[in-house]
Amino acid sequence: MGTEKNISDMKDKEYNKSKKRRRRRRRREVSRVQKLYETCKQIFANCGPGVVPSPENVERLKAVLDNMTEADVGLMPNMPYFKSTLSDGPPKIMYLHLHECDKFSIGIFCLPPSAVIPLHNHPGMTVFSKLLFGKMHIKSYDWVDNLLPHQSTPSANISDNDTRDWTGLRLAKLKKNSEFTAPCKTSILYPADGGNMHCFTARTACAVLDVLGPPYCDPEGRHCQYYYDFPFPNFSDGLSVPEEQQNKYAWLKEGEKPEDFTVDGALYSGPDIIVN
């Protein structure tokens with residue numbers, strides 16, 4: 001009986017030790033969203049408008065995002081956010097706010113099929129975009145002022161009956177014009193490179209996790225500016241661009257936010273972020 005009791009006591013002790021180890025392991029486990037927040041906090045700590053994190057830090061954040069899926073943020077493709085509704089207007093886009101401070105912001109755009117985020121810029125920002133699921137077309141541009149002659153406004157190859165205001169056009173080079181299907185690598189844009197002006201079109205329901213460093217801030221001059229793009233051949237400006245390369249350029253014109261473009265906020269219900 002004494003031997004059996006000793007064996008039983010040993011089993012109980014080992015079971016209790018095992019429970020303690022499991023509890024410690026659970027405490028040590030950090031959600032991917034928490035890891036994303038902590039990585040952002042570290043790499044954007046010494047950054048500001050126009051200041052890009054070091055290449056090593058860019059790769060650190062990219063590696064975290066590359067491994068994230070919709071499950072890590074509590075999303076599923078069959079959620080109401082991603083369903084098209086019977087409406088005369090364009091599909092409604094939802095935005096889930098995860099975190100924002102003066103250094104960076106984290107959020108998720110939820111797009112039903114055919115939803116469009118119009119062409120817009122990211123002044124002084126470094127932006128990481130991770131397609132969590134679905135299929136999306138991305139079109140993006142960067143400015144190419146170094147190719148322009150000294151005149152400020154190109155002359156249009158348009159009819160005399162066109163009364164639109166063509167002033168304020170600026171030349172840009174096409175950076176991306178292709179479709180992406182999850183799982184795929186994280187897209188990164190920089191203040192002056194990587195496709196700072198971009199447009200998203202959902203081919204299927206999809207979700208995009210966005211990290212902006214720093215976030216938009218009107219008082220500090222980081223206003224989200226929308227653009228319309230026009231084919232390069234529509235205007236002549238004395239530029240010597242071979243005909244076969246002209247489809248790689250476009251003229252962009254600033255415009256107001258399209259009236260039919262709306263983004264509504266929704267409650268984020270994924271793993272909590274512990275701000276520290």
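Below is a short write-up of the structure. Predicted model, so just to flag it, every value in this text is computed and none were measured.

## Regarding the overall build of the protein chain
When its secondary structure is counted, the protein chain shows three helices and 14 strands. Looking at the protein chain residue by residue over its 276 residues, the buried ones come to 43%. In the protein chain, once contacts between residues fewer than 6 apart in sequence are set aside, the share between residues at least 24 apart is 83%. Carbon and sulfur atoms make up 51% of the accessible area of the protein chain, which totals about 15,800 Å².

## Section: the layout of surface pockets
Size it by volume and the largest pocket reaches roughly 580 Å³. For the largest pocket, the lining is made up of 24 residues, of which Phe109, His120, Tyr216, Cys224 and Tyr226 are closest to its centre. Among the secondary structure elements, those contributing two or more residues to the lining of the largest pocket are β1 (93-100), β2 (105-111), β3 (116-120), β9 (197-202) and β10 (206-213). Residue contributions to the lining of the largest pocket peak at three residues, all from β2.

## Examining unusual backbone geometry
Of note, the bond from alanine 182 into proline 183 is cis; its omega dihedral lies within 30 degrees of zero at 0°. Note that proline 183 resides in the loop between β7 (170-181) and β8 (187-189). Note that the residue after glycine 213, namely proline 214, is joined by a cis bond; omega there is -5°. Structurally, proline 214 is set in the loop between β10 and β11 (226-231). The phi torsion at serine 114 lies on the positive side, around 75°, for a residue other than glycine. Here serine 114 lies in the loop between β2 and β3.

## Details of the sheet that holds β8
As a general point, the strands of a sheet are linked pairwise by backbone hydrogen bonds and lie either parallel or antiparallel. Taken together, the six strands give an open sheet; going across it, the order is β8-β4-β10-β2-β1-β14, and neighbouring strands pair in mixed fashion. Edge positions in the sheet fall to β8 and β14 (263-266), since each of these pairs with one other strand and no more. Strand-to-strand twist across the sheet, computed as the mean angle between neighbouring axes with direction ignored, equals 25°. Here β1 runs beside β2; their pairing, made up of six bridges, is antiparallel. Considered in β2, the bridge of histidine 99 is made with isoleucine 106. Sitting on the sheet, helix α3 (residues 55-66) touches β4 (126-133), β8 and β10, and the angle it makes with β4 is about 15°.

## Some thoughts on the environment of leucine 212
Relative to the helices and strands, leucine 212 resides in strand β10. Considering only alpha carbons, one finds leucine 212 and phenylalanine 44, 168 residues apart in sequence, at a separation of 9.8 Å. Those residues in contact with leucine 212, other than ones at most four positions away along the chain, are Lys103, Phe104, Ser105, Met125, Thr126 and Val127.

## Considering the nonpolar core
Formed by 35 residues in total, the largest nonpolar core has its most connected members in Leu36, Leu75 and Ile108. Among the secondary structure elements, those contributing two or more residues to this core are α2 (32-43), α3, β1, β2, β4 and β10. Considering each element in turn, this core owes the most residues, five residues, to α2. Excluding residues that lie within four positions of it along the chain, leucine 36 makes contacts with Leu61, Val64, Leu65, Met68, Ile106, Leu209 and Val211. Formed by 16 residues, the second largest nonpolar core is a distinct cluster that contains Phe109, Ala115, Met136 and Tyr226.

Parameters and conventions
Counting restarts for each chain: residues are numbered from 1 in the order of the written sequence. A pLDDT threshold of at least 70 governs which residues receive local features in this predicted model, and a stricter bar of 80 or more applies before side-chain atom pairs are shown or counted, although totals over entire chains, interfaces and linings include all residues. Each side-chain value is derived from all of the structure's non-hydrogen atoms; neither hydrogens nor water enter the calculation. Each helix is a run of H or I in the DSSP string that is no shorter than four residues. Each strand is a run of E no shorter than two, and both are numbered from the N terminus. For every residue, the accessible area obtained with a 1.4 Å probe (protein chains only) is divided by the maximum for its type, and the residue is called buried under 20%, exposed over 50%, and partly exposed between those limits. Residue contacts are defined here by distance: any two heavy atoms, one from each residue, within 4.5 Å place the two residues in contact. In these tables, accessible area is a Shrake-Rupley quantity obtained with a 1.4 Å probe, and a residue counts as shielded only by the protein chains included in the view. Buriedness of a pocket was judged along seven lines, with at least five required to meet protein on both sides within 12 Å; pockets are open sets of points on a 1 Å grid over the protein atoms alone, cavities are sets where a 1.4 Å probe fits but cannot get out, and lining residues have an atom within 4 Å of a point. Grid points are joined across faces, edges and corners, and a volume is the space filled by probe spheres set on the points. A pair of strands is labelled paired if DSSP reports no fewer than 2 bridges between them. Note on geometry: axes are C-alpha line fits, over the in-contact stretch for helices, and angles between N-to-C directions span 0 to 180 degrees. In this description, a nonpolar core means a group of buried Ala, Val, Leu, Ile, Met, Phe, Trp, Tyr and Cys residues linked to one another through side-chain atoms lying within 4.5 Å.

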